[in-house]
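# Coordinate analysis (summary)
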Amino acid sequence: NIWFTNSLAEKSLCRINPKDGTVHCFSLGSAATSGTDARELLYTSQDQVWIQVTNSGVVVADASTAIDASPDELTAKKLLTSEGSGNLPSDRITAFAEDLDGEIWIGSIEGISVLYSPQNIFENNRNYDASIIVIPNDDGTGSRVLGGEVVNDIAIDGSNKKWFGTQTSGVFYLSENGQEEIEHFTRETSPLPSNNCTEIVIEGHTGQVHFGTDEGIVSFQGRATTGSVSMNDV
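Throughout what follows, the structure given in this document is the object of discussion.

What counts and what doesn't
Residues numbered from 1 in each chain as written. Predicted model: local features only at pLDDT ≥ 70, side-chain atom pairs only at ≥ 80, totals over all residues. Heavy atoms only, no water. Pairing = 2+ DSSP bridges. Helix = DSSP H or I, 4+ residues; strand = E, 2+ residues; numbered from the N terminus. Axes fitted to C-alpha atoms, helices over the stretch in contact; angles between N-to-C directions. Buried < 20%, exposed > 50% of the residue type's maximum accessible area, 1.4 Å probe, protein only.

Taken in spatial order, the three strands make up an open sheet running E17-E18-E19, and their pairing is antiparallel. Each edge of the sheet is formed by a strand with only one pairing partner; in this case those strands are strand E17 (197-202) and strand E19 (216-221). Averaged over neighbouring strand pairs, the angle between their axes works out to 20 degrees when direction is ignored. Where E17 lies against strand E18 (residues 208-213), five bridges are found, and the strand directions are antiparallel. Residue pairing in the sheet places Ile202 in a bridge with Val209 of E18.

Dropping the structure here:
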């Protein structure tokens, strides 16, 4: 299926059926109305559709009922900054990505957070708040990973490590849990043409990582490739 957002409309989420090419649009109830400025989306392994909403958090729709049918409305929830309702780092969400464990990494204008249990979103009385990653310091305090950086894009490589493109500090490559900095590329310390990295794309079969910036594109030969379902000549 091909999914796309339909901004400022009563039915904010649409799907193109690959069998016959028909288009069906879904209402998301009160989570997204005709005043909702819907932007980028992410379809996850759990048949959830995550939708960026301009200056108003994230809308998550349960698309499991739409795989083999076309209901008029999908169950949906809006995730916001308050505890118990998503605990997002900011109302202005700029990026999200699903890692190899099914966790959702969320970028915003005020750093990153992780939703470790997205399956809880549509379960009654279950916690689905996102968590801030904190690295303990020797003095007993903690430092927030990426602090308040504006995160433009997030990408996950074949080893489940995370790439973050930021608006003013270049590119960060972090460990699987986000607590270890492996690489930090800036204009001053690498061939990166600008510290404003707007997009990151990874070629899974080669491991190459492509960085799009406001001053051009540059590529890096990464260390991780995507595994195959069937492995030959190991």
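A separate point is the pairing of strand E6 (residues 58-62). Regular strands show a simple pattern: their side chains alternate between the two faces of the sheet. Burial within E6 is extensive, with five of its five residues counted as buried. Burial of the side chains of E6 extends over both faces: Val58, Val60 and Asp62 are buried on one face and Val59 and Ala61 on the other. Between strand E5 (residues 48-53) and E6, which pair antiparallel one after the other, the connecting turn spans four residues, and Asn55 there sits at a positive phi close to 60 degrees. Bridge count for E6 against strand E7 (residues 76-79) is four bridges, and the pairing is antiparallel. Of the residues in E7, the one forming a bridge with Val58 is Leu79.

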